[in-house]
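Understanding the architecture of this molecule
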Amino acid sequence: MANGQAAQDFHSYANPSAVRVRHLDLNWDVLFEQKILKGTAVLTVERISQAEPLILDTRDLKIEKVETSADGVAYSAATFTVGSSDKILGAPLTIPLPAKANRVRIYYSTVPGASGLQWLEPAQTAGKKDPFVFTQSQAIHARSWIPTQDTPQVRVTYNARVRTPRRLLAVMSAENLSGTARDGDYSFRMRQPIPSYLIALAVGDLRFKALSARTGVYAEPPVIDLAAKELSDTEKMVVATERLYGPYRWGRYDILVLPPSFPYGGMENPRLTFATPTILAGDKSLVSLVAHELAHSWSGNLVTNATWRDFWLNEGFTTYLERRILEAVYGRPREEMEAALGLRDLNEEITALEDPDEILHIDLKGRDPDDGSTDIPYEKGALFLRHLEETFGRARFDQFLKGYFNHFAFQSITTEQFTAYLKQNLLDKDPALAARVPVDDWINKPGIPASAPKPASSAFARVEEEGKRWLRGEIPAAKILTARWTTQEWLHFLKSLEVSAGSGAARMAELDQAFHLTRSGNSEIAFQWLLMAIRNRYEPANPRLEEFLTTIGRRKFIKPLYEELAKTPEGKERALAIYRRARSTYHPIAVASIDDVLNWSGQ
Ligand SMILES: [Zn+2]
């Protein structure tokens with residue numbers, strides 16, 4: 001948005017077209033015993049309309065005191081009101097501003113159950129000795145730890161000072177001004193303007209290992225060496241992405257490997273991707289997640305969705321870029337496998353969703369924006385871009401995307417702004433080609449257009465052939481040629497058994513004996529196997545299912561497993577028994593989802 005304009009964001013109380021936050025100075029004590037952050041936020045605001053108050057988003061914040069000043073000279077006490085709290089949006093904090101006031105200092109603390117923070121006991125960490133805390137601000141959880149205009153169309157720079165127990169290290173999505181020396185007092189600076197959902201903090205017993213001059217990894221001591229080994233291709237990925245889409249504009253690119261309760265695969269916090277430890281498979285087979293989060297440094301962090309209904313501009317572009325990076329670093333067959341798996345997931349999702357939720361430019365009014373986080377913005381968005389690439393040719397489309405990232409760099413844009421840019425810079429230049437891509441159907445209609453690309457993988461065709469020979473009884477399971485299969489081939493094999501009705505408990509037992517899948521340490525394979533175990537009542541996998549659900553908190557894995565269990569009365573009993581023990585170890589975002597799945601009412 002240009003100055004003074006604002007897109008309608010149904011998920012924020014803020015009034016950025018009248019008063020706009022431009023910079024934050026944050027100062028906190030991290031109090032592990034009370035499980036709170038306590039301190040101040042100083043907001044520098046731009047006043048477009050002098051008559052209007054500043055309206056901020058908050059959720060469960062304890063506001064002690066508010067002061068205002070002109071240019072930070074002589075603060076004086078200000079009045080403020082906290083409006084009534086909405087279940088999804090939280091509560092507006094309204095602060096009338098005196099003439100000339102452009103700084104607002106808010107003294108506040110968070111609550112132990114803040115939706116954007118997870119406080120871990122030492123037992124929930126890899127090291128088991130120290131507590132850990134981390135934030136997850138996307139979509140609208142920044143407001144539970146920072147009083148600000150929590151809408152992606154408002155971009156801010158920030159400075160932060162964080163005090164922690166001396167043994168622990170604090171890291172943020174910003175330039176680290178204190179290095180990795182531990183003294184319990186850390187300073188950060190983010191000079192590029194970012195939306196609030198990209199402000200991030202983590203504190204724990206962290207170590208750092210450099211991967212290249214500008215990339216590195218943070219993790220707990222027991223995990224750091226494994227993480228550094230697994231993520232050693234990071235610099236190659238940055239170079240490949242720069243070659244395609246222009247310079248990396250954020251300085252350093254580091255990855256923080258979190259404890260296993262992190263509810264997501266990764267979060268693209270600028271300069272410092274937050275990642276689940278479940279990607280550490282030992283063979284780099286799950287590093288597509290790094291390609292994805294890195295790609296967000298262009299699509300999402302540099303050019304940002306203005307509201308959550310434009311989320312596909314972040315995720316569809318990023319999923320497309322992710323595959324291009326994988327192709328550049330690991331070759332075309334890997335890209336083909338990932339794209340084919342993506343298409344399968346998309347088709348499954350489309351069978352399950354209602355029509356309105358299959359639309360890229362989704363209507364999320366009155367709903368939690370986390371509801372929009374299905375395969376639609378990711379996979380349908382990526383398929384749309386692939387359609388454009390295949391129609392206009394790779395060279396032309398790459399040039400278009402590079403121009404797009406340049407044109408909208410450090411801006412937050414709506415779907416309408418994207419389509420206008422697309423029309424002017426690609427479609428109108430070649431109307432004959434443009435006629436082959438039904439842009440309006442892609443963006444505004446449910447389902448997938450009939451002319452959509454159909455990514456296929458020749459490696460997968462061979463896997464299916466092997467599977468068929470086994471199912472026809474021509475070879476025993478032990479003779480299936482799996483020795484050189486990648487994770488992606490295993491996943492495809494297991495998923496195709498389900499389609500051809502070739503699973504079943506007896507079949508699973510045979511495979512398990514040959515390949516020890518119940519004990520697989522690869523989180524993606526284990527997840528797919530356990531899902532099949534529930535469906536087919538394959539009981540030898542029960543202890544592993546319980547272990548998986550009580551040690552991993554990644555929502556992508558645990559939610560479908562609980563959903564599958566909940567389909568039968570006995571399964572639901574088991575699910576509740578496990579959930580009773582595991583619930584307190586999950587992140588608030590995961591808890592909200594699983595509570596829904598199991599109709600949890602505190603049993
Ligand atoms: Zn993403």
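So, here's what we can say about the structure. Owing to the predicted nature of the structure, the values given are computational and were not obtained by experimental measurement. (Residues numbered from 1 in each chain as written. Predicted model: local features only at pLDDT ≥ 70, side-chain atom pairs only at ≥ 80, totals over all residues. Heavy atoms only, no water.)

Considering the pairing of strand β18 (residues 253–257)
Most of β18 is tucked away, with 5 of its 5 residues classed as buried. Both strand β17 (residues 215–219) and β18 contribute to a ladder of 4 bridges, which runs parallel. Following the sheet pairing, Thr 215 is matched in β18 by Tyr 253. For β18 and strand β20 (residues 272–275), the ladder comprises 4 bridges, and the chain directions are parallel. (Buried < 20%, exposed > 50% of the residue type's maximum accessible area, 1.4 Å probe, protein only. Helix = DSSP H or I, 4+ residues; strand = E, 2+ residues; numbered from the N terminus. Pairing = 2+ DSSP bridges.)

Thoughts on the sheet that holds strand β16 (residues 207–210)
The pairing of strands in a sheet comes from backbone hydrogen bonds and takes either a parallel or an antiparallel form. Read across the sheet, 5 strands follow the order β16-β17-β18-β20-β19 without closing on themselves; strand pairing throughout is mixed. The open sheet is flanked by β16 and β19 (266–267), the only strands paired with a single partner. Pairing of β16 with β17, which is carried by 4 bridges, proceeds in the antiparallel orientation. Each bridged residue has a counterpart across the sheet, and for Phe 208 the counterpart in β17 is Tyr 218. Along the sheet, helix α3 (residues 288–295) contacts β18, β19 and β20; its crossing angle with β18, the most-contacted strand, is approximately 130 degrees. (Contact = heavy atoms within 4.5 Å. Axes fitted to C-alpha atoms, helices over the stretch in contact; angles between N-to-C directions.)

Thoughts on the coordination of the zinc ion
Distances from the zinc ion to its protein donors, namely His 292 (NE2), His 296 (NE2), Glu 315 (OE) and Glu 315 (OE), fall within the range 2.1 to 2.7 Å. Relative to the metal, the 4 donor atoms surrounding the zinc ion lie at angles of 53 to 150 degrees, and the coordination shape comes out irregular. In primary-sequence terms, the residues that donate to the zinc ion follow H-x3-H-x18-E. With His 292 in helix α3 and Glu 315 in helix α4 (residues 311–330), the pair connects residues that are 23 residues apart, well separated along the chain. Of the two residues examined, His 292 and Glu 315, each falls in the buried class. (Donors = N, O, S within 2.8 Å, 3.2 Å for Na, K, Ca; no water. Tetrahedral: all angles 85-135°; square planar, octahedral: opposite > 155°, others 65-115°.)

Here we look at the side chain of Thr 374
Take Thr 374: it is sitting in the loop between α5 (332–352) and α6 (375–392). For Thr 374, the side chain forms a polar contact with the main-chain nitrogen of Ile 376, separated by 3.1 Å. Each residue touching Thr 374, except ones within four places of it in the same chain, is listed here: Glu 349 and Leu 353. (Polar contact = N/O pair within 3.5 Å; in protein donor to acceptor, adjacent residues only side chain to side chain.)

Some thoughts on the packing of helix α14 (residues 523–535) against helix α16 (residues 555–565)
Remark: α14 packs on α16, axes separated minimally by 9 Å, with the N-to-C direction vectors making an angle of 5 degrees. Viewed along their axes, α14 and α16 adopt a mutual orientation that is roughly parallel. For the pair α14 and α16, the contacting residues are Ser 523, Glu 524, Phe 527, Leu 530, Leu 531, Ile 534 and Arg 535 in the first and Lys 556, Phe 557, Pro 560, Leu 561, Glu 564 and Leu 565 in the second. Looking at the contact of α14 with α16 residue by residue, the class counts come to 8 nonpolar, 1 polar and 4 charged. (Parallel < 35°, antiparallel > 145°, perpendicular 65-115°, else oblique. Nonpolar A, V, L, I, M, F, W, Y, C, P; charged D, E, K, R; others polar.)

Observations concerning helix α1 (residues 221–230)
All of the buried residues in α1 are Val 223, Ile 224, Ala 227, Ala 228 and Glu 230. Projected down its long axis, α1 carries its buried residues within an arc of 155 degrees, all on one side. Facing away from the buried side of α1 by over 90 degrees, the exposed positions are Pro 222 and Lys 229. As for α1, its buried residues are in contact with β16, β17 and β18. (Arc of directions from axis to C-beta.)

Describing the nonpolar core
Membership of the largest hydrophobic core comes to 142 residues, with the highest contact counts inside it found for Phe 384 and Tyr 404. Element by element, the count of residues in this core is highest for α4, at 8 residues. In this structure Phe 384 touches Trp 312, Leu 360, Phe 418, Leu 422, Val 437, Val 439, Trp 442 and Ile 443, once residues within four positions along its chain are discounted. (Core = buried A, V, L, I, M, F, W, Y, C linked by side-chain atoms within 4.5 Å.)

Looking at unusual backbone geometry
Here the bond from Gln 138 into Ala 139 is cis, since omega is 0 degrees, no more than 30 degrees from zero. You can see Ala 139 is positioned in the loop between β10 (132–135) and β11 (155–163). The phi angle at Arg 537 is positive, at roughly 50 degrees, despite the residue not being glycine. Within the fold, Arg 537 resides in the loop between α14 and α15 (542–551).

Remarks on the packing of aromatic side chains
As enumerated under the stated definition, the model contains 40 aromatic pairs in all. Seen in terms of ring centroids, Phe 132 and Phe 134 are 6.5 Å apart; in terms of plane orientation they differ by 70 degrees. Their pairing is edge-to-face. When its relative accessible area of 1% is taken as the criterion, Phe 132 is described as buried. Taking the relative accessible area as the measure of exposure, Phe 134 reaches 0% and is therefore buried. Arranged with centres 5.6 Å apart and planes meeting at 70 degrees, the rings of Tyr 404 and Phe 408 form a pair that is edge-to-face. Above the plane of the ring of Tyr 107 lies Lys 65, whose end atom (NZ or CZ) is 4.3 Å from the centre. Seen from the ring of Tyr 330, Arg 334 lies directly overhead, with NZ or CZ sitting 5.1 Å from the centre. (Phe/Tyr/Trp six-rings, centres within 6.5 Å; stacked < 30°, edge-to-face > 60°. Lys NZ or Arg CZ within 6 Å of the ring centre and 35° of its normal.)

Notes on the environment of Leu 258
Locating Leu 258 in the fold gives a position in the loop between β18 and β19. Residues Leu 258 and Ala 219 lie 39 residues apart in sequence; the distance between their C-alpha atoms is 6.7 Å. Among all residues touching Leu 258, those that are not within four sequence positions of it are Phe 132, Phe 134, Phe 274, Ala 275 and Pro 277.

Side note on the pattern of salt bridges
Tallied over the entire structure, the rule returns 50 salt bridges. Between Arg 332 and Glu 335 there is a salt bridge, and its shortest N-O distance comes to 3.5 Å. Residue Arg 332 and its partner Glu 335 are located together in helix α5, separated by 3 residues, close to a single helical turn. A relative accessible area of 33% places Arg 332 in the partly exposed class. Across the salt bridge formed by Glu 338 and Arg 334, the nearest N and O atoms sit 3.0 Å from each other. In this pair, Glu 338 and Arg 334 are both assigned in helix α5, 4 residues apart and thus about one turn of the helix distant. (Salt bridge = Lys/Arg side-chain N within 4 Å of Asp/Glu carboxyl O.)

Digging into the packing of helix α13 (residues 505–515) against α14
For the pair α13 and α14, the least separation of the axes is 10 Å and the interaxial angle reads 150 degrees. Classified by the angle between their axes, α13 and α14 sit roughly antiparallel to one another. Crossing geometry of α13 relative to α14 is assigned as left-handed. Of α14, the residues touching α13 (which contributes Met 508, Leu 511 and Asp 512) are Trp 529, Met 532 and Ala 533. When its residues are assigned to classes, the contact of α13 with α14 shows 5 nonpolar, no polar and 1 charged. (Left-handed = near helix turned anticlockwise from the far one by under 90°.)

Let's talk about the sheet that holds strand β14 (residues 185–195)
Taken in spatial order, the 8 strands make up an open sheet running β5-β4-β8-β2-β1-β11-β14-β13, and their pairing is mixed. A strand with exactly one partner marks an edge of an open sheet, and here the two such strands are β5 (73–77) and β13 (175–176). In this structure, strand β4 (residues 62–70) lies alongside β5, joined through 3 bridges in antiparallel fashion. By the bridge assignment, Glu 67 is partnered in β5 with Ala 77.

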